[in-house]
Amino acid sequence: LTKPVELPQGTLEMLILKAVSLGPLHGYGILLRIQQISGERLEILQGSFYTAIYRLERQGWIKGKWGESENNRRARFYSLTAAGRRQLKAESAKWTDMAAVVAGILDKKAGEI
Amino acid sequence: MSLFAAIRKLWHSIAPRTHGDVEEEFRSTLDAYQDDLIRHGLPEEEARRKARIDLGQPAAQYDTYRDAIGLRLFDELGGDLRHGLRALRRNPGFAVVAVFSLALGIGATTAMFSLIYAILLHPFPYVGADRIMNPHAISEQHPDVFQWFTLSKAQCDDLRLAAPVDSVLGFTSGHLEITNDGLPEDISGVYLTENADTFFGVRPLFGRMIEPFDADHPVVVLNYRFWQRRFAGDPHVIGRTLEMDHDSYTIVGVMPRSFAFFDKSVGDVYLPASLMRAVANGPAPSFLPWIKLRPHVTVAAANAALEPIVFEMATHHSRVSGWHLGLQPIIVPYQQKTGRTLRLLLAGVVLLLIIGCANCSILLLARGRTRQHELAIRSAIGASRWRIVRQLLVEALVISCTGAVVGVAASYWLARFPLSLSPDSFPAESVIRINASVLAFSVGLALLCGILFGLAPALRLSRNDPARSLPGRQAGVVAAPRKHRWSVLIAAQVALTLLLMATAGTAIHSFLELMQMPLGYDPANVMELAMGLHFHDTAQWRRIQSREARTAYIEQIREKIASAPGILTVAVGTDATPPYSDPVDTDSSFNIDGTRDHEQSQARVMLVDQQYFAALHIPLLQGRIWNTDENTRGDFIAVVNRAFATRYLSSSNALGRQLRIAGLPLQDHFTASSAQSTAWRQIIGVVGDARNDGVDRPVVPAIYLPYTTVMRQYVQFFVRTQGDPLTYLHSIRAAVASVASDQQISNGAFTLNEAIERDAQYSRQRLFSILFGVFSAMALGLALVGIFSLVAYSVAQRTTEFGVRLALGAPRTHVLWIAVRIALVSAAAGMVIGLALDSFLGVVLAHWMQSAFAAGSLLAAATLLALGAFLACLLPARHAIAVPPAESLRYE
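Conventions we followed
Residues numbered from 1 in each chain as written. Chains lettered and ligands numbered in written order. Predicted model: local features only at pLDDT ≥ 70, side-chain atom pairs only at ≥ 80, totals over all residues. Heavy atoms only, no water. Helix = DSSP H or I, 4+ residues; strand = E, 2+ residues; numbered from the N terminus. Buried < 20%, exposed > 50% of the residue type's maximum accessible area, 1.4 Å probe, protein only. Contact = heavy atoms within 4.5 Å. Areas by Shrake-Rupley, 256 points an atom, 1.4 Å probe, with all protein chains shown as cover. Phe/Tyr/Trp six-rings, centres within 6.5 Å; stacked < 30°, edge-to-face > 60°. Lys NZ or Arg CZ within 6 Å of the ring centre and 35° of its normal. Patch = residues over 30% accessible without salt bridge, like charges linked within 9 Å, V, L, I, M, F, W, Y side chains within 5 Å. Salt bridge = Lys/Arg side-chain N within 4 Å of Asp/Glu carboxyl O. Disulfide = S-S within 2.5 Å. Core = buried A, V, L, I, M, F, W, Y, C linked by side-chain atoms within 4.5 Å. Buried area = accessible area lost by both parts, 1.4 Å probe. Polar contact = N/O pair within 3.5 Å; in protein donor to acceptor, adjacent residues only side chain to side chain. Nonpolar A, V, L, I, M, F, W, Y, C, P; charged D, E, K, R; others polar. pLDDT = per-residue confidence, 0-100. Arc of directions from axis to C-beta. Pairing = 2+ DSSP bridges. Lys, Arg positive; Asp, Glu negative; His and termini not counted. Charge placed at Lys NZ, Arg CZ, Asp CG, Glu CD.

In this section: the overall build of chain B. Helix and strand counts for chain B stand at 28 helices and 25 strands. The buried share of chain B, reckoned over its 892 residues, is 52%. In chain B, 81% of the contacts between residues at least 6 apart in sequence involve partners at least 24 apart. As displayed, chain B has an accessible area near 40000 Å², and 60% of this comes from carbon and sulfur atoms.

On to helix α2 (residues 27–37) of chain A. For α2(A), every residue scored as buried is listed here: Gly27(A), Tyr28(A), Gly29(A), Ile30(A), Leu31(A) and Ile34(A). Of the residues one or two after α2(A), Gly39(A) is the one with positive phi, at around 65°.

Residue and element names in this part refer to chain B. Residue Pro579 is bonded to the preceding Pro578 through a cis peptide linkage, with omega at 0°. Position of Pro579 relative to the elements: it lies in the loop between β13 (567–574) and β14 (588–589). Despite not being glycine, Ala232 has its phi angle at roughly 50°, a positive value. Counting through the fold element by element, Ala232 comes out in the loop between α9 (224–231) and β7 (241–244).

Under the counting rule described, the total for this entry stands at 34 aromatic pairs over all chains. Ring geometry for Phe171(B) against Trp290(B): centres 5.6 Å apart, planes inclined by 80°, an arrangement best described as edge-to-face. Placement of Phe171(B) in strand β3 (residues 165–178) and of Trp290(B) in strand β10 (residues 288–293) is noted, with a sequence separation of 119 residues between them. For the residue pair Phe171(B) and Trp290(B), the accessibility class agrees, reading buried in each case. Members of the aromatic cluster, joined through ring pairs, are Phe124(B), Tyr126(B), Phe171(B), Phe199(B), Phe200(B), Phe259(B), Phe261(B), Tyr270(B) and Trp290(B). Sitting over the face of the ring of Trp66(A), Arg74(A) holds its NZ or CZ atom 4.4 Å from the ring centroid.

A separate point is a nonpolar patch on the surface. Taken together, the side chains of Trp95(A), Met98(A), Val101(A), Val102(A), Ile105(A) and Leu106(A) present a nonpolar region at the surface, about 610 Å² in accessible area. Looking at the element boundaries, Ile105(A) is found in helix α4 (residues 82–107).

Attention shifts here to the state of the cysteines. All names here are of chain B. Across all of its chains, the model carries 0 disulfides over all chains by this definition. With no disulfide of its own, Cys360 lies closest to Cys357 among cysteine sulfurs, the gap being 6.6 Å. No disulfide involves Cys873; its sulfur sits 19 Å from the nearest other cysteine sulfur, which is in Cys360. For Cys873, a relative accessible area of 1% translates into the label buried.

A few words on the nonpolar core. Formed by 54 residues in total, the largest nonpolar core has its most connected members in Ile399(B), Cys449(B), Phe453(B), Ile787(B) and Val791(B). Judged by nonpolar contacts, the second largest core, of 47 residues, contains Met531(B), Tyr553(B), Ile554(B) and Ile703(B).

Our next topic: the interface of chain B and chain A. On the chain A side, the residues contacting the 23 residues of chain B number 17 residues. Counting the surface lost from both chain B and chain A, the interface buries some 1900 Å², and carbon and sulfur atoms represent 51% of this. For chain B, the biggest contributors to the area lost against chain A are Arg17(B), Glu25(B) and Ala68(B); these three give 25% of the whole. Here chain B is connected to chain A by 2 salt bridges. Close ionic contact of Asp21(B) with Arg76(A) constitutes a salt bridge, the shortest N to O distance being 3.7 Å. At the junction of chain B and chain A, the tally comes to 7 residue pairs in polar contact (both at pLDDT 80 or more). If one sorts the elements of the side of chain B that touches chain A by residue count, helix α2 (residues 19–39) of chain B sits on top with 12 residues. Within the side of chain B that touches chain A, the residues separate by chemical class into 10 nonpolar, 5 polar and 8 charged.

Residue and element names in this part refer to chain B. On average, chain B scores 81 in pLDDT, and the residues at 70 or more come to 87%. Below pLDDT 50 for its whole length, residues 472–481 participates in 9 contacts with residues either more than four positions away or in separate chains. If you check the scores for this complex, the pTM reads 0.71 and the ipTM reads 0.82.

Residues and elements named next belong to chain B. Every buried residue belonging to α9 is among Tyr224, Phe226, Trp227 and Phe231, and all of these are buried. Taken around the axis of α9, the buried residues stretch over an arc of 160°, which confines them to a single face. Measuring from the backbone nitrogen of Arg225 back to the side-chain oxygen at the start of α9 gives 2.8 Å, which picks out Asn223 as the cap. Remark: Ala232 follows α9 within two positions and exhibits a positive phi of approximately 50°.

Any segment with low pLDDT has predicted coordinates that should not be analysed in fine detail. Per-residue confidence for chain A gives a mean pLDDT of 83, with 88% of residues at or over 70. No element of chain A has a lower mean pLDDT than helix α3 (residues 46–59) of chain A, which averages 82, and none a higher one than α4(A), which averages 90.

All right, on to the sheet that holds strand β2 (residues 62–68) of chain A then. All names here are of chain A. Strand order across the open sheet formed by 3 strands is β1-β3-β2, with antiparallel pairing between neighbours. At either end of the open sheet lies a strand with only one pairing partner, and these are β1 (25–26) and β2. Where β1 lies against strand β3 (residues 74–80), 2 bridges are found, and the strand directions are antiparallel. Opposite Leu25, over in β3, you have Tyr78 as the bridge partner.

With that settled, the discussion passes to a positive patch on the surface. Residues and elements named next belong to chain B. Together, Arg82, Arg86, Arg89 and Arg90 make up a region of like positive charge exposed at the surface. Secondary-structure assignment places Arg82 in helix α5 (residues 72–90). Classification of Arg82 by relative accessible area gives exposed; the value is 55%.

Looking now at the pairing of strand β22 (residues 702–706) of chain B. Looking along a regular strand, one sees side chains alternate from face to face of the sheet. All names here are of chain B. In terms of burial, β22 is largely enclosed, as 5 of its 5 residues are buried. Here β22 shows two buried faces, one formed by Ala702, Tyr704 and Pro706 and the other by Ile703 and Leu705. Pairing of strand β16 (residues 602–608) with β22 involves 5 bridges; the strand directions are parallel. Residue Val608 lies in a different strand from β22, and its bridge partner there is Pro706. For strand β18 (residues 637–641) and β22, the ladder comprises 2 bridges, and the chain directions are antiparallel. Along β22, the bridge assignment pairs Val640 with Ile703.

To continue, consider the environment of Leu752(B). Residues and elements named next belong to chain B. By the secondary structure assignment, Leu752 is in helix α23 (residues 752–757). On the basis of relative accessibility, which here comes to 0%, the residue Leu752 falls in the buried class. Separated by 175 residues in sequence, Leu752 and Thr577 place their C-alpha atoms 7.9 Å apart. In this view, Leu752 contacts Tyr521, Pro523, Val526, Glu528, Thr577, Pro578, Leu616 and Phe718; residues no more than four positions away in its chain are not counted.

Below, the structure is given as structure tokens:
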């Protein structure tokens, strides 16, 4: 079993945007998908999960709509809005940049500094 | 309904999802998770438990939602609000006093604001009212004397073409008589050029306004009040006919209440200007113009552009040289007349409001001492200082907003008060109503007040150190009061109250003085009746057109009225009603024998008959009054008043001197003058001075002439009766009808006392003395309540301390002194400040009110206030010594 990864602050929202960008999902579906994509390595703080969803909806980045779930339950499905797509793009670019910079620094050997 | 929809929409944009919606979604997630857990082998009950531990309770989810979308502050404020309301309910005495103090201030201020709004900011209902100008001619010699001028209809049309002019309204008023039923009623008609509808842009209540296609058609538009009076507000009046001067007019419209064109001679009916031609043998009708300028044209530019055009039109007028054209926005006369009055009243109510706020601050501070324990606990369990200040401020706002609601409701009535006291000072059009601006003003005022009076106590109380106040349950024994913020407030309150009271004192004093001023005549039980003679009807007019016939007609009516029972004296006059504060004509120049012609000799010419002096009880000082024959002849004689004799004649030999008034006959189609009216006249008598330039101004020199020398198309009767003259109106109407059945009496029969009440200075002084009297009574009440509740609170707080003191043998007077000391000292300090403030401001205020500063009234006010403050301290302080020591020690 691989070791679970703790999520840095503020990245949960980005992950939710990413999960929803692949197709409309209800709340629990988002949770499952993030865990599934990460290979079960992410332990999402479940209490903060809905806070993030509400905030994203408030910002207008995702949009909720009531529908039927796979096992015939009423559920609220979230999909990405145009503004959300832009936001996801910007956030991913920022993340990649930052990760590259941080990784670059950490990769330096003693002799190279 | 639309309001609810709007609120719902607003609420939806703040919180788009409902409680049920959020909870349902959360439950579906919870269920899905639970199902998953069961699938993984957990027993159902345990899966349920674990799901709730991991995800949370569905009931709490809506709070999470609101928190996430940033409504937490909102929720907390709601909590503060509920807490504040509960605190008020728990303490109703405090709540009532606090709300009442503010309601007084906010109500009075809102009333004054709506008055200012209605009168100075938005008095006219016309479209582009700020661009409507009242043109007049300004003399170079007397720039303060306004001279209106009239234009013919064609000239109005010409003026309309001038570059800076948007449109021109021509109007003129005349008397009409309703002839189709019962007693003839005299009404006032205003003829308007047919562009009236577009010029005013006021939407009629029913039907329509005068339109261009109405020219030469007998149509009439009704004024709201006339419609109410005559037709009892019947909405089906359109299309009916109204018979006036024996002609039928079709009613085509009713104007709304706010439309009261124009000024003091508000028309009962409005008619097309083209109907003016119908006047028998009249000269070409002429109209007073109102000019509406195009937008963005300055008054000065319009003045310069229009002056040559107007004077070109007026070349046949003799008085062109030495005159300028002046365009005056129609609001200006009212601003000049009432602006200062309203500013002064506004200052008064603002003082009242400040006193009310100070009162609330005092109450909050006093009550806050009982709440220290609660606040200390809150801060001990982690409330930040900001949180406590916020809560206290919200409580203050609850009080101020409640006060505002009560105050605004009260202001609806309060605002009418000045209007009913001094109706002539305000435009007839200004309708006092609570509108959006007034509401916005009062809401703003409430918020401002809440912060103003809430902030100081909140900051003060939130500074509590919990460590010191929490164990303070037994601190009552040592509760030596620390620094008292409220002693400053008490002092300020007392000082401002004294200022208001002294102002009221000055106003009342000078009003009393005005009332006691000798008038020189006796207005009691005398009434004035105005009568317009028939000049519309050609046949009737012929019969009384000559001077002799008219005199005979008037004398016949006079004798008939005089023979009615209960009537003592009846006199005749033409525009000679005292106190004559609003002269129709300016004074006339005259020559006296033996002196050279010089223009400076001016006197007021009063056209009266010989009974005038008896009817008004004006004493004869020298010589005699003319007799009946001389009155009929009208010429060669004159009577002067004492002011005239002192000023122009050496008073010892006034009798027998000769004078001549060159400009006496009026060039008017309806006037009949005697051929000799400008001849030399002998002074046969000198009478006492009767006020003839307003009640407050000195009597000006006056010449009394028989009214038959220059007769107009109207006349006034002065009727002295036994008891209230107005009760004789019916028998007088009958007497008049016995001479000429269709001779109408104008509606405005009034007593001479009413004429005095209408005097500008008199009504202003009365307004000031009543309103400032009310303000200062309110302020006094507030200040005393403030002092009273402060002392009561502190006595209640310190019961234990007083008990200990008494038990240890302190004299009762000493304990009493301790209880009242601070309040009494701060009140005394306030008195001193108030006296200083008053001797500084009093003179300025008195000048503003146009009355003398009265030191005596200041002293009286100070005594009253001191006495009140003393009692307000002493009454609650008695409780400090009334409680037996043993009981007060058990109090804890």
